[in-house]
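For reference, the chains in residue letters:
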Amino acid sequence: QVQLVESGGGLVQPGGSLRLSCAASGFTFSRYGMSWYRQAPGKQRELVAHITSAGSTNYADSVKGRFTISRDNTKNTSYLQMNSLKPEDTAVYYCNVLTGLNYWGQGTQVTVSS
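Figured I'd write up the structure that's included with this text.

Each value, and the rule that gives it
- Residues numbered from 1 in each chain as written.
- Predicted model: local features only at pLDDT ≥ 70, side-chain atom pairs only at ≥ 80, totals over all residues.
- Heavy atoms only, no water.
- Helix = DSSP H or I, 4+ residues; strand = E, 2+ residues; numbered from the N terminus.
- Rg over C-alpha atoms; globule rule 2.2 N^0.38 Å.
- Buried < 20%, exposed > 50% of the residue type's maximum accessible area, 1.4 Å probe, protein only.
- Pairing = 2+ DSSP bridges.
- Salt bridge = Lys/Arg side-chain N within 4 Å of Asp/Glu carboxyl O.
- Contact = heavy atoms within 4.5 Å.
- Lys, Arg positive; Asp, Glu negative; His and termini not counted.
- Polar contact = N/O pair within 3.5 Å; in protein donor to acceptor, adjacent residues only side chain to side chain.

Structural notes on the overall build of the protein chain
Move 1: For the protein chain, the count of helices and strands is zero helices and eleven strands.
Move 2: Listing every helix and strand of the protein chain by position from the N terminus yields β-β-β-β-β-β-β-β-β-β-β.
Move 3: For 114 residues, the compact-globule formula gives about 13 Å, and the C-alpha radius of gyration of the protein chain, at 13 Å, lands near that figure.
Move 4: If you line up the protein chain on its principal axes, its C-alpha atoms span 40 × 25 × 20 Å.
Move 5: Taking all 114 residues of the protein chain together, the buried fraction comes to 39%.

Comments concerning the pairing of strand 5 (residues 46-51)
Move 1: As judged from the five bridges shared by strand 4 (residues 34-39) and strand 5, these two strands associate in the antiparallel manner. Across the sheet, the residue bridging to tyrosine 37 is leucine 47, located in strand 5.
Move 2: Hairpin connection, strand 4 to strand 5: the antiparallel pair is bridged by six residues, and glycine 42 has positive phi, about 75°.
Move 3: In this sheet, strand 6 (residues 57-59) lies alongside strand 5 in antiparallel orientation, the contact comprising three bridges. Paired with isoleucine 51 across the strands is threonine 57, a residue of strand 6.
Move 4: The loop that links strand 5 with its antiparallel partner strand 6 comprises five residues; one of these, glycine 55, has a positive phi angle of about 100°.

Regarding the pattern of salt bridges
Move 1: Overall, the coordinates contain four salt bridges when judged by the stated rule.
Move 2: Ionic pairing is found between arginine 38 and aspartate 89, a salt bridge with its closest N-O pair at 2.9 Å. Residue arginine 38 is located in strand 4, and its partner aspartate 89 is located in the loop between strand 8 (77-82) and strand 9 (91-98); the two are separated by 51 residues in the primary sequence. The same class applies to arginine 38 as to aspartate 89, namely buried.
Move 3: Between aspartate 89 and arginine 66 there is a salt bridge, with its nearest N and O atoms 2.8 Å apart.

A word on the environment of valine 5
Move 1: Note that valine 5 resides in strand 1 (residues 3-7).
Move 2: We classify valine 5 as partly exposed; its relative accessible area is 44%.
Move 3: Spatially, the C-alpha atoms of valine 5 and glycine 107 are 7.8 Å apart, while their sequence positions differ by 102 residues.
Move 4: Not counting residues within four places of it along the chain, the set of residues in contact with valine 5 comprises Ser21, Cys22, Ala23 and Gln106.

Considering the side chain of serine 21
Move 1: Within the element layout of this structure, serine 21 appears in strand 3 (residues 18-25).
Move 2: Excluding residues that lie within four positions of it along the chain, serine 21 makes contacts with Val5, Glu6, Ser7, Trp36, Thr77, Ser78 and Tyr79.

Regarding the pairing of strand 4
Move 1: In terms of strand pairing, strand 4 meets strand 9 through six bridges, oriented antiparallel. The partner of tyrosine 37 across the bridge, within strand 9, is tyrosine 94.

Section: the side chain of arginine 71
Move 1: Locating arginine 71 in the fold gives a position in strand 7 (residues 67-72).
Move 2: Aspartate 72 is the oppositely charged side chain nearest to the buried, salt-bridge-free arginine 71, at an N-O distance of 8.3 Å.
Move 3: Among the polar contacts made by the side chain of arginine 71, one reaches the main-chain carbonyl oxygen of tyrosine 32 at a distance of 2.8 Å.
Move 4: There is a polar contact of 3.1 Å between the side chain of arginine 71 and the backbone oxygen of threonine 52.

What follows is the structure in structure tokens.
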């Protein structure tokens, strides 16, 4: 079955960096686009970044120039490099894949605070 396991979250000061990882299994990773979403307390889940199977990327306006999504098809892993973090980036970050069904990871908490 499809499994998505996020890691790399934590507490970081404003201006800091984190790299999230999403280890995928149960499907042919290289054939599908991968997405990162986030959900802050009291807010709806929002798309942060997407990478297609061919490697094209797009980002939410709020993270453009600060976040970078990537993938390593040899490791079946997607990454989200987050730089210049702001308090408003605080959220639970989720990995997502749509293979006909919509699959989510369990989420990883990112807290940006001094």
